[in-house]
Amino acid sequence: MLTVALHGHLSAQFGLAGGAAATARLLEAIGCHLIPRDLELATHPPVLEASTPAAAAGAAQLDLVHTNPNLLAANPELLNPATLQAPLRIGYWAWELEAFPEGWEPFFQDYDEIWCPSGFAAQALAQRSPVPVIAVPHLPDWPRLDGLSQRRRASAGRGERPFRFLALFDFWSTPERKNPLGAIQTFQRAFPPDEPDGPAVELLIKTSSASQFPLACQELVAAAAGDGRIRWLHALLSPGDLDQLLLSADALVSLHRSEGFGLVLADAMAIGLPVIATGYSGNLEFMPPGSAALIPWQLQPIPRTCGDYRQGWPWAEPDLNAAAAAMRRLVERPAAAEALGRRGAAAVRERLSPERLGAIVRQRLGTLLLKPSRREL
């Protein structure tokens, strides 16, 4: 049994934290013994109880550091070097653009190998990496999702309530990349507010970290002012409440300009929820044609720097007219929407199965254990 010290944001609830939880599931699924080490961020307070390490079967043979170089650079106290004692070390990095991330090069020297959530991310990081970069997609929490899928089937039928489109994003992930404004504009194109006898619809936008970005939040809310069908939920939800939110939706919308993976998209598809998503970047790891309403796009330079995404780097601009047509189809053709949800669930189960992902990790760990570590070179 391989003992792995997993360093990650294990008590928080945001993208990197969800990725770390998925990595923990995958390592445990192939028989690894985990020593969890929580990395707490002031920007993302803990909402989960961090795991208590079981008695270790000896010292860790591998340190797996599941956080990004930009966070380590901005928070030097986040990771205590003294806790990294294993002879081998893997970094798990998440990145969302085709361009290589600025300032990450010096961190390669600390690792024997880099993992990332998709082939899209791996291609970007490999551009300047002196060590192997391997796509290790996130393993969904299948027992939880199977239960949600059963609950969703048992409560089929909306009754008199409006058809609910759901969009979710964290302000720390940058609204420009996640593009909730695109979801608002698309919704209003699909269902004009002044349309006589239009269908009963609503768009619910769930945000995280809104209180830390008050001006950006105000601007975004103002874009939907006057349209009572567009609702907001600014809250850090517990896992159970987040599950309930997914169950309350009739479709998930992500008109992102780029994604490293898309955890919530995979979860939504897994429970049979129809998904409308930009047909570009890391979500294609588990989202083949026909499994979701994939929106066409054009590659465009970023007009101005936002967060870690620099002006001039490329990302996708989704076709909002095509997205509006997709929204309309889901509302007007419920049988087709249900069929799309079934195809999405089948695609995710095949592409993100424990067997498939476990085989990737076993092969990588076997290869890594046979090679000299960076300390021996």
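Enquirer: Whenever I open this one, the side chain of Thr-278 confuses me. Can you help?
Expert: Note that Thr-278 resides in strand 11 (residues 275-278). Among the polar contacts made by the side chain of Thr-278, one reaches the main-chain carbonyl oxygen of His-256 at a distance of 2.7 Å.

Enquirer: Honestly, the packing of aromatic side chains in this entry has me stumped. Any pointers?
Expert: Each aromatic ring pair is described using two quantities: the centre-to-centre distance and the angle formed by the ring planes. Inspection of the entire model under this criterion finds 18 aromatic pairs. Plain terms: the ring middles of Phe-165 and Phe-191 are 5.9 Å apart, the flat faces sit at 35 degrees to each other, and that makes the pair tilted. Of this pair, Phe-165 sits in strand 7 (residues 163-170) while Phe-191 is found in the loop between helix 6 (180-190) and strand 8 (201-208), placing the two residues 26 residues apart along the sequence. Phe-191 carries the same exposure label as Phe-165, and that label is buried. Chaining the aromatic ring pairs together yields one cluster made of Trp-93, Trp-95, Phe-100, Trp-104, Phe-108, Tyr-111, Tyr-309, Trp-313 and Trp-315. Positioned over the ring face of Trp-142 is Arg-349, at 4.2 Å from the centre of the ring.

Enquirer: Explain the pairing of strand 4 (residues 88-92) to me, please; I cannot follow it from the model alone.
Expert: Two faces, one strand: in a regular strand the side chains alternate between the faces of the sheet. In terms of residue burial, strand 4 counts as a mostly covered element, since five of its five residues are buried. Side chains of strand 4 alternate between two faces, with Leu-88, Ile-90 and Tyr-92 and Arg-89 and Gly-91 buried alike. Pairing of strand 3 (residues 62-66) with strand 4 involves four bridges; the strand directions are parallel. Each bridged residue has a counterpart across the sheet, and for Leu-64 the counterpart in strand 4 is Ile-90. Strand direction decides the pairing type here: strand 4 and strand 5 (residues 113-116), joined by three bridges, are parallel. When the sheet's bridge partners are listed, Tyr-92 is paired in strand 5 with Trp-115.

Enquirer: It is not clear to me how the packing of helix 9 (residues 263-270) against helix 11 (residues 334-351) should be interpreted in this structure. Could you clarify?
Expert: What describes two packed helices is the angle between their axes and the distance between those same axes. Put simply, helix 9 and helix 11 touch, their axes get as near as 7 Å, and they point 115 degrees apart. When helix 9 is examined against helix 11, the residues Ala-266, Met-269 and Ala-270 are found in contact with a partner set consisting of Gly-341, Gly-344, Ala-345 and Val-348. In terms of residue class, the contact of helix 9 with helix 11 is built from five nonpolar, two polar and no charged.

Enquirer: In this structure, what is going on with the pattern of salt bridges? I would like to understand it.
Expert: When the charged atoms of two side chains with opposite charge come close together, those side chains can pair. A complete count under the given rule lists 19 salt bridges for this structure. In this structure, Arg-144 and Asp-243 form a salt bridge, with 2.8 Å as the shortest nitrogen-oxygen distance. Of the two residues, Arg-144 is situated in helix 4 (residues 142-154) and Asp-243 in helix 8 (residues 239-248); the sequence distance between them amounts to 99 residues. Where salt bridges share partners, they join Glu-96, Arg-177, Lys-178 and Glu-259 into one cluster.

What counts and what doesn't
Residues numbered from 1 in each chain as written. Predicted model: local features only at pLDDT ≥ 70, side-chain atom pairs only at ≥ 80, totals over all residues. Heavy atoms only, no water. Helix = DSSP H or I, 4+ residues; strand = E, 2+ residues; numbered from the N terminus. Polar contact = N/O pair within 3.5 Å; in protein donor to acceptor, adjacent residues only side chain to side chain. Phe/Tyr/Trp six-rings, centres within 6.5 Å; stacked < 30°, edge-to-face > 60°. Buried < 20%, exposed > 50% of the residue type's maximum accessible area, 1.4 Å probe, protein only. Lys NZ or Arg CZ within 6 Å of the ring centre and 35° of its normal. Pairing = 2+ DSSP bridges. Axes fitted to C-alpha atoms, helices over the stretch in contact; angles between N-to-C directions. Contact = heavy atoms within 4.5 Å. Nonpolar A, V, L, I, M, F, W, Y, C, P; charged D, E, K, R; others polar. Salt bridge = Lys/Arg side-chain N within 4 Å of Asp/Glu carboxyl O.

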